[in-house]
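Here are the chains, one letter per residue:
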Amino acid sequence: MKKLLTHLLLSVFCFSIFTLSAQSDLDHVPGEILIQLRPGTDLSSWWGQHAKLRSTDASSTLPQSVSAPMNIWKIKFDPFQTDETTLLQQYQRDPQVAAAQLNYYIQLRSTLPNDPQFNKQWHLYNTGQTGGKPGLDLGMNRAWDITTGGVTPGGDTIVICVVDDGVDTLHEDLRQNLWKNRQEIPNNGRDDDGNGYIDDYRGWYVRGQNDNIMGGNSRHGTEVSGMIGAVGNNGKGVSGVNWRVKIMMVVGGIDNTTEQIIKSYTYPLVQRKLYNQTNGKKGAFVVATNSSWGIERAKAVDNPIWCAFYDSLGVQGIINIGAGPDRFNLDIDVAGDMPSTCSSEFLIAVTNIDQQGLKPDGIGYGSISMDLAAFGQQVYTTGFGNNYVTDSGTSFSTPLVAGAVGLLYSAPCPSLTILARKSPIDAARLVRRMLLDGTKPIASMQGITVTGGYLNVYNSLSLLLGTSCTDCPPLIRSVETLVTTNSAVLNWISNDSIKKVDLRWRVKGTNAWITVENIKSPYALTNLNFCSEYEYQLKSYCRNSAVDFADTYTFRTDGCCEPPTQVQFASVGANSALIRWTPITAANAYTFRYRATGASDWITVLPPFVTVNLRDLKNCTVYEFQIRSECSNGTASAFSPIYQFKTSLCGACLDRTYCKSEVSIDQSTEEWITGVKLNSFENRSKKNGYGDFTGIPTTTLKKGQLNTLRITSGFAGPIFTEYHTVWIDYNQDGQFTTNEVVLESGARRDTVTTAQFTIPSSAPNGPTRMRVVMVSRDLGTACSISASVYGEVEDYCVVIDNTTATQNVNPDPGVKLTVFPNPTEQLLKLKLSLPQSENRAQVSLFNLQGQQLWGSTWLLDPSGISTREVDLAEWPAGMYVLKIQTEQGKIVVEKVVKTGN
């Protein structure tokens, strides 16, 4: 990031803006200081009075004249022997010195990247190279001299969310700038960061409910992303407005419904809100969304939820950039357009302008709703397939504005960073105002846009720095590190204007502050009390002003008697589990208790320290456990929250990691699987996109026996041509291959597809997975199903065995289950009878997606009979599966129908 410093010499001198190179580069001549003596001060006399300074700076040479009329001189010293900051401060405090400063290097007021095809990007720097009007551009050559993007002065990584059709994740000019959710572990099936999204490591694909942001139709999003943030100055291809910004891709919105738009916007909303709430520890610092799509002639009054969502995004600090229509030459104030006509103050609507400064034919406008223009006609950008292309439309004007939002947040303006932390909504308002006020007027936009001008990034940056960046901004972010039982290290980020920092701290809840003056980060507090809450404040001093104690930060010292919170599953097998946890400082020992989920009694273990090795567990069983810390003086913490793990040896169907289906419920609205029948087993289902029925016992298949499979399809309207394919993972290796296909229909326009097959003799015994795929286009695969394909996928478990096949899961002769009434509106009564050898059973209720809704362990009375009631009032009408499993593994399955609501 570049820094902007202003140095005042005398009233006859103008303010001079010196732009420095990156922080790792030297920005001034080492060993040289410029001073200006007050009028009437003789240099020789002044110099003679500073023998002490001469010995300090190791210089005995008389200062050299820089401007004799202005009494300005250059002092040289050895920078390896003398601290230049200390020496400079000594001169600045001298009453005979009017001003003193370092001898800064000056740079040319134009920064251009070395990307080989940058000369084709006239919209960034227009010299007339493609026949355009020289100087008609975004002013990026001067804007980049101030900042090239990336992070705020406080270290926040700036993120712009692109809601589009995907992005080429392998593109040489985009890959480095694509955002990653570092708090999420990819492909582990868990919501690691607690944001409500599972495995959202690369972004979010709304329909697929995964992070597959690169598909076969990612052309548009790739081009848009390049306009915002193609990596600049990397010697490859082109440059974006931001050289180092992070692009968060959300696949959704485009060519979809309003529902999908809301779902798409929800992802950046959640991520920025999480960032605000956790002080940057989770989430993402999303400052803008880009939507290069919309609905022509649509009215804002008919879309109140959509329009209001921009206000919700703005509250969290997100500005939203929307493309105006680029067909039919619409006056959107009259004809309507979405989202351009939404009245939210956190939306900027953008129209198109070409390299001659004219509005192309067919481009929308509106003096009330269209905010400004940006260059989008015949612009050069990144293309799908690691390519580069020329394209046109408001789709490419819009990302220039989104990129400008990110660039303003990276400006050397610490006060904007502070505002973004304290009041994200006000920071968004400020940046939006700077963008609109910084536009350049142009005749072609007068009377047809709100501003009457086009985006000029340099103007907006200069306006921000000149009007909204205070001379003495507060400190940026304070955090505590290395917190022990009796100490803590405080860290904060300062800036060039701050000369001194004071600290005051106290035990939280007390009245007296302890003040320490003139400290530097990091600063260690010692002799603290263990397990105690502390609070502290910081005061910063600039040259002529100060920011008083204000924000209060808190921390707690270690040493509390509390349960462990950081638990690791070192290994989990079929009959054992090794579990570790991070030690608690105050704990002398731990109590560990566990049980099978649903069991009433805990099994207690006293581990030697922070590891427990459980043995003799049941295979394919879910266990739960808790840990308690045993502390000194006989005290103990509460038990930890309940953790769970599942032992293996469930068979290949559940133990193996199969490829995920990417089909969403939106892809099944017109056609879906209504039933799967395998021999006498049958499952009826509704629209679900992907149905996981592996938790429902199905059937046992005997090797060599002829099996009959039937797939029934449902359609919302006319019957479409569909392709049905069914795989059974015969060799149980977790993959579906061509020689494991048991049904392949080809193109069919009917509702029922059947096939017969036999299990090969080479197939090993045991449970394995069956996948049923119904799609609108032949894919030849059980795994990769794109958003442009419609239909459903369902997974089942089947058992391969040498013994006589059990065509359905029949109850053991000694097990009797009565379910009544069935169907039922609310209460379901169960009567269970077991053989005398058993007195315990696990009862579970599943929906048709295989999700367990309820479970309980039943202890039968001595007669071996138990009667219970299950209340279904809170569940919607439909079909459910009731499963009874005894201690000896006997299983009874009964379908239940819920009527009413």
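How each quantity is defined
Residues numbered from 1 in each chain as written. Predicted model: local features only at pLDDT ≥ 70, side-chain atom pairs only at ≥ 80, totals over all residues. Heavy atoms only, no water. Helix = DSSP H or I, 4+ residues; strand = E, 2+ residues; numbered from the N terminus. Contact = heavy atoms within 4.5 Å. Areas by Shrake-Rupley, 256 points an atom, 1.4 Å probe, with all protein chains shown as cover. Pairing = 2+ DSSP bridges. Axes fitted to C-alpha atoms, helices over the stretch in contact; angles between N-to-C directions. Disulfide = S-S within 2.5 Å. Buried < 20%, exposed > 50% of the residue type's maximum accessible area, 1.4 Å probe, protein only. Phe/Tyr/Trp six-rings, centres within 6.5 Å; stacked < 30°, edge-to-face > 60°. Salt bridge = Lys/Arg side-chain N within 4 Å of Asp/Glu carboxyl O. Parallel < 35°, antiparallel > 145°, perpendicular 65-115°, else oblique. Left-handed = near helix turned anticlockwise from the far one by under 90°. Nonpolar A, V, L, I, M, F, W, Y, C, P; charged D, E, K, R; others polar. Core = buried A, V, L, I, M, F, W, Y, C linked by side-chain atoms within 4.5 Å. 1 Å grid on protein atoms, 1.4 Å probe; cavity = no way out; pocket = protein on both sides within 12 Å on 5 of 7 lines; lining within 4 Å. Points joined across faces, edges and corners; volume = space filled by probe spheres on them.

Peer 1: Could you give an account of the overall build of the protein, with specific residues and numbers?
Peer 2: Along its length, the protein carries 13 helices and 51 strands. Contacts in the protein between residues far apart in sequence, at least 24 positions, make up 69% of those at least 6 positions apart. When the accessible surface of the protein is split by element, carbon and sulfur atoms take 49% of a total near 39100 Å².

Peer 1: Break down the sheet that holds strand S49 (residues 865–871) for me, with residues and values.
Peer 2: Think of a sheet as strands paired side by side through backbone hydrogen bonds, with each pair either parallel or antiparallel. Ordered in space as S45-S46-S49, the 3 strands form an open sheet in which the pairing is antiparallel. Each edge of the sheet is formed by a strand with only one pairing partner; in this case those strands are strand S45 (816–820) and S49. For this sheet, the mean angle separating the axes of adjacent strands, direction not counted, is 15 degrees. Here S45 runs beside strand S46 (residues 827–833); their pairing, made up of 5 bridges, is antiparallel. The residue of S46 that forms the bridge with threonine 818 is lysine 831.

Peer 1: Quick one: what's the story with the state of the cysteines, residue by residue and with numbers?
Peer 2: A complete count under the given rule lists 7 disulfides for this structure. Across the disulfide, cysteine 653 is cross-linked to cysteine 797 (sulfur-sulfur distance 1.8 Å). Taking the sign of the S-S torsion, -90 degrees for the link of cysteine 653 and cysteine 797, the bridge is left-handed. Of the two residues, cysteine 653 sits in helix H13 (residues 652–655) while cysteine 797 sits in strand S44 (residues 791–801), which places them 144 residues apart along the sequence. By relative accessible area, cysteine 797 is classed as buried at 13%.

Peer 1: How would you explain the sheet that holds strand S36 (residues 681–684) if you had to name every residue and give the values?
Peer 2: Within the open sheet, the 4 strands sit side by side as S36-S35-S39-S42. Their pairing is antiparallel. Edge positions in the sheet fall to S36 and strand S42 (752–758), since each of these pairs with one other strand and no more. Neighbour-to-neighbour, the strand axes of the sheet open up by a mean angle of 20 degrees, direction not taken into account. Pairing of strand S35 (residues 671–678) with strand S39 (residues 706–715) involves 7 bridges; the strand directions are antiparallel. Bridged to glutamate 671 within S39 is phenylalanine 715.

Peer 1: Please provide a residue-by-residue account of the packing of aromatic side chains, values included.
Peer 2: The tally for this structure, following the rule as stated, stands at 37 aromatic pairs. Here the aromatic rings of tryptophan 179 and tyrosine 267 are separated by 6.4 Å at their centres, their planes lie at 70 degrees, and the arrangement is edge-to-face. Separated by 88 residues along the polypeptide, tryptophan 179 in the loop between strand S7 (158–164) and strand S8 (203–205) and tyrosine 267 in helix H6 (residues 258–277) bring together distant segments of the chain. Neither residue differs from the other here; tryptophan 179 and tyrosine 267 are each classed as buried. Between tyrosine 275 and phenylalanine 285 the ring centres are 5.6 Å apart and the planes differ by 50 degrees, which places this aromatic pair in the tilted class.

Peer 1: Can you break down the pattern of salt bridges residue by residue, with the values?
Peer 2: On inspection of all chains with the given rule, the structure shows 21 salt bridges. The residue aspartate 391 makes a salt bridge to arginine 219 at a minimum N-O spacing of 3.2 Å. One end of the pair, aspartate 391, is in strand S17 (residues 387–391); the other, arginine 219, is in helix H5 (residues 219–229), and 172 residues separate them in sequence. A residue is classified by how much of its surface remains accessible, and arginine 219, at 42% relative accessible area, is partly exposed. Connected via shared salt-bridge partners are Arg219, Glu223 and Asp391.

Peer 1: Lay out the packing of H5 against helix H9 (residues 394–409) in plain terms, naming residues and giving numbers.
Peer 2: H9 packs onto H5 with a crossing angle of 40 degrees between their chain directions and a minimal axis gap of 8 Å. Here H5 is positioned oblique relative to H9, judged by the angle of their axes. Helix-helix and strand crossings are classified by hand; for H5 and H9 the assignment is right-handed. Contacts between H5 and H9 pair His220, Glu223, Val224, Met227 and Ile228 from the former with Ser395, Phe396, Pro399, Leu400, Ala402 and Gly403 from the latter. Here the contact of H5 with H9 is built from residues that sort into 7 nonpolar, 3 polar and 1 charged.

Peer 1: Would you mind going over unusual backbone geometry in detail, with residue names and values included?
Peer 2: Cis geometry marks the peptide bond from methionine 338 to proline 339; its omega dihedral reads 5 degrees. With respect to the helices and strands, proline 339 occurs in the loop between strand S13 (337–338) and strand S14 (347–353). In this model, serine 521 is joined to proline 522 through a cis peptide bond whose omega is 0 degrees. With respect to the helices and strands, proline 522 occurs in the loop between strand S23 (514–516) and strand S24 (523–525). Although it is not a glycine, glutamine 209 sits at a positive phi angle of roughly 55 degrees. Structurally, glutamine 209 is set in the loop between S8 and H5. The residue aspartate 616 is not glycine, and still its phi comes out positive at about 60 degrees.

Peer 1: Any chance you could break down the nonpolar core for me, citing the residues and the numbers?
Peer 2: Judged by nonpolar contacts, the single largest core of 71 residues is most densely connected at Tyr409 and Leu455. Residue contributions to this core peak at 9 residues, all from H9.

Peer 1: Could you give me a rundown of empty space enclosed by the protein, with the residues and numbers involved?
Peer 2: With a probe scaled to a water molecule rolled over the atoms, the places where space remains empty come into view. Enumeration over the complete set of coordinates arrives at 1 cavity of 30 Å³ or more. Roughly 40 Å³ of volume is contained in the largest cavity. Considering the residues around the largest cavity, the lining is formed by Tyr723, Thr725, Trp727, Val773, Val775, Asp778, Leu779, Gly780 and Thr781. Elements with a minimum of two residues in the lining of the largest cavity: strand S40 (722–728) and strand S43 (766–775). A total of 3 residues in the lining of the largest cavity trace back to one element, the largest contributor, which is S40. By residue class, the composition of the lining of the largest cavity is 5 nonpolar, 3 polar and 1 charged.

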